[in-house]
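# A look at the structure
Read off the chains here:
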Amino acid sequence: MLTWLAELSHHFSPLNVFRYITFRAAGASATALAFVFFFGPSIIASLRLKQGKGQPIRTDGPQSHLAKKGTPTMGGLMIISGLVASTILWANPRSAYVWIVLFVTLGFGAIGFYDDYLKVTKQSHKGFSGRARLAGEAGIAALAAYFMMCASATGPVSSVGDFFAALVAPFAAVAPATKLAAPFIHGWILDLSWFFLPFAAFVIVGAGNAVNLTDGLDGLAIVPVMIASATFGIIAYLAGNDIFAHYLGINYVAGAGELTVMTGAMIGAGLGFLWFNAPPAQIFMGDTGSLALGGMLGAIAVAIKHEIVLAIVGGLFVMEAFSVIVQVASFKMTGKRVFKMAPIHHHFEQLGWSEPQVVVRFWIIAFVLALLGLTTLKVR
């Protein structure tokens, strides 16, 4: 929204800074941080009042978690509010990708909110039906993927007529969004065509639920999400610049650079949330936040054509999700468990690691994986 100030730069030259994505990303980060700091305490107080006993704690989980009973959940509302407000304020509204990723973030956040609401009101872990939840997520993700096909086929939309023309563009034009690139391999491109829709939906839904499974300890999910956001912010900036994209041999995605502003807002909102979520947590992110942020990361990865790199940068989330899949499959087939408890962060707690040890060591893993993901930009 503030990008319109750049049009007045011929009257006041310092306003020209609003043209620069890096400046606006920093502004979005600072705004989101201030938003969460300012409104955070009142949001926490309101949620604590409405939730009464707070987030139900699993009695079959680590016994140390019983002390957390009474801590309110749905803290994702703080993050999403700061993220959305700051993104709308600082990002260029002509970038369709910003609106598409916001659509996924809010859609997944709404599903997570409903799930949290059912759990809190019933004081039970049985919230939203698993199949219904996945169906809703898949529908939102597939719709977002189609919008990305439209955006890539037409470019920026400047009128209502352009908007409606864009909705049918994938049927009449080539949609660059369907092209899948492989990291570490220069020039390898696979055109998924219409198979892009289920593929992209799988990536977005998988990312949302992987982050959801990671959110089990104070501060465990939010820092890796911020690390991944910073990484994809850099990649989005490069992918949205024709010169940089050509030099690095990555897919050029016109307008995707504005997603850097959104990742900046995410980092600011995440830092503000971490202030209240640091051990001992005053509030939990809940499904409201974890599903929304995971969906956001998945949607950004799809938009900038780095879906495979997401599995590297978000390797911690993949590990958490994989541990649950292995545990469930092993128990159903053999009656035995591979891990002492799943997701895997609980396994390490059962081995004797303290909660801060698990959290900080997982942060380190997330940071190393992010560096590995960035190397794919040049090693091709």
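Going by the structure above, here's the rest.
Residues numbered from 1 in each chain as written. Predicted model: local features only at pLDDT ≥ 70, side-chain atom pairs only at ≥ 80, totals over all residues. Heavy atoms only, no water.

Helices and strands together make up the secondary structure of the protein chain, namely 15 helices and two strands. If you take every contact in the protein chain between residues at least 6 apart in sequence, the share linking residues at least 24 apart comes to 73%. As displayed, the protein chain offers around 16900 Å² of accessible surface, 70% of which is attributable to carbon and sulfur atoms. (Helix = DSSP H or I, 4+ residues; strand = E, 2+ residues; numbered from the N terminus. Contact = heavy atoms within 4.5 Å. Areas by Shrake-Rupley, 256 points an atom, 1.4 Å probe, with all protein chains shown as cover.)

The next subject is helix 13 (residues 315–334). For helix 13, with 20 residues, the first-to-last C-alpha span of 27 Å sits near the 28 Å given by 1.5 Å per residue. Of the positions making up helix 13, those classed as buried are Gly315, Leu316, Phe317, Glu320, Ala321, Ser323, Val324, Gln327 and Ser330. Each element contacted by the buried residues of helix 13 is listed here: helix 7 (196–214), helix 8 (222–239), helix 11 (286–303), helix 12 (307–313), helix 14 (344–350) and helix 15 (355–375). Looking one or two places after helix 13, you find Gly335, whose phi comes out positive at around 80 degrees. (Expected span 1.5 Å × (residues − 1). Buried < 20%, exposed > 50% of the residue type's maximum accessible area, 1.4 Å probe, protein only.)

Looking now at the packing of aromatic side chains. Under the defined criterion, the tally for this structure stands at 11 aromatic pairs. On the basis of an interplanar angle of 85 degrees and a centroid distance of 5.4 Å, the ring pair of Phe18 and Phe23 is categorised as edge-to-face. When its relative accessible area of 12% is taken as the criterion, Phe18 is described as buried. Plain terms: the ring middles of Phe348 and Trp353 are 4.5 Å apart, the flat faces sit at 25 degrees to each other, and that makes the pair stacked. (Phe/Tyr/Trp six-rings, centres within 6.5 Å; stacked < 30°, edge-to-face > 60°.)

Next up on the list: the nonpolar core. Ranked by internal contacts, the top residues of the largest apolar core, which has 108 residues, are Phe196, Ile222, Leu259, Met266 and Ile304. Sequence-distant contacts of Phe196, that is, excluding residues within four places in its chain, are made with Ala145, Met149, Ala177, Thr178, Val302, Lys305 and Glu307. (Core = buried A, V, L, I, M, F, W, Y, C linked by side-chain atoms within 4.5 Å.)

Turning next to unusual backbone geometry. Cis peptide bonds are those with omega within 30 degrees of zero, and the linkage from Pro279 to Pro280 qualifies with -10 degrees. Across the junction of Ala342 and Pro343, the peptide omega takes the value 0 degrees, indicating a cis bond. On the secondary structure map, Pro343 appears in the loop between helix 13 and helix 14. Phi at Met74 is positive, roughly 70 degrees, even though this residue is not glycine. Looking at the secondary structure, you find Met74 in the loop between helix 1 (21–51) and helix 2 (76–90). Located in the positive-phi region is Ser193, a residue other than glycine, with phi close to 55 degrees. For Ser193, the location among the structural elements is in the loop between strand 2 (189–191) and helix 7. Residue Ser193 is classed as partly exposed on the basis of its relative accessible area, which comes to 39%.

On the surface, Phe184, Ile185, Trp188, Leu190, Leu372 and Val379 cluster together into a nonpolar patch covering about 530 Å² of accessible area. Here Ile185 lies in the loop between strand 1 (179–181) and strand 2. (Patch = residues over 30% accessible without salt bridge, like charges linked within 9 Å, V, L, I, M, F, W, Y side chains within 5 Å. Salt bridge = Lys/Arg side-chain N within 4 Å of Asp/Glu carboxyl O.)

Our next topic: the packing of helix 8 against helix 10 (residues 259–277). To describe two helices that pack against each other, one gives the angle between their axes and the distance between the axes. Interhelical geometry of helix 8 versus helix 10 gives an angle of 165 degrees and a closest axis separation of 8 Å. Here helix 8 lies roughly antiparallel to helix 10, going by the angle between them. Here helix 8 and helix 10 pass one another in a crossing that is left-handed. Within the contact between the two elements, helix 8 uses Ile222, Val223, Val225, Met226, Ser229, Ala230, Phe232, Gly233, Ala236 and Tyr237 and helix 10 uses Leu259, Thr260, Thr263, Met266, Ile267, Gly270, Leu271, Phe273, Leu274 and Asn277. Partitioning the contact of helix 8 with helix 10 into residue classes produces 14 nonpolar, six polar and no charged. (Axes fitted to C-alpha atoms, helices over the stretch in contact; angles between N-to-C directions. Parallel < 35°, antiparallel > 145°, perpendicular 65-115°, else oblique. Left-handed = near helix turned anticlockwise from the far one by under 90°. Nonpolar A, V, L, I, M, F, W, Y, C, P; charged D, E, K, R; others polar.)

Viewed as axis vectors pointing N to C, helix 3 (residues 96–122) and helix 11 meet at an angle of 155 degrees, and their least axial separation amounts to 7 Å. Taken as axis vectors, helix 3 and helix 11 run roughly antiparallel relative to one another. Handedness of the crossing formed by helix 3 with helix 11: right-handed. For the pair helix 3 and helix 11, contact is made by Tyr97, Val101, Val104, Thr105, Phe108, Gly109, Ile111, Gly112, Phe113, Asp115, Asp116 and Lys119 and by Gly286, Asp287, Thr288, Leu291, Ala292, Gly295, Met296, Ala299, Ile300 and Ala303, respectively. The class makeup of the residues in the contact of helix 3 with helix 11 is 12 nonpolar, six polar and four charged.

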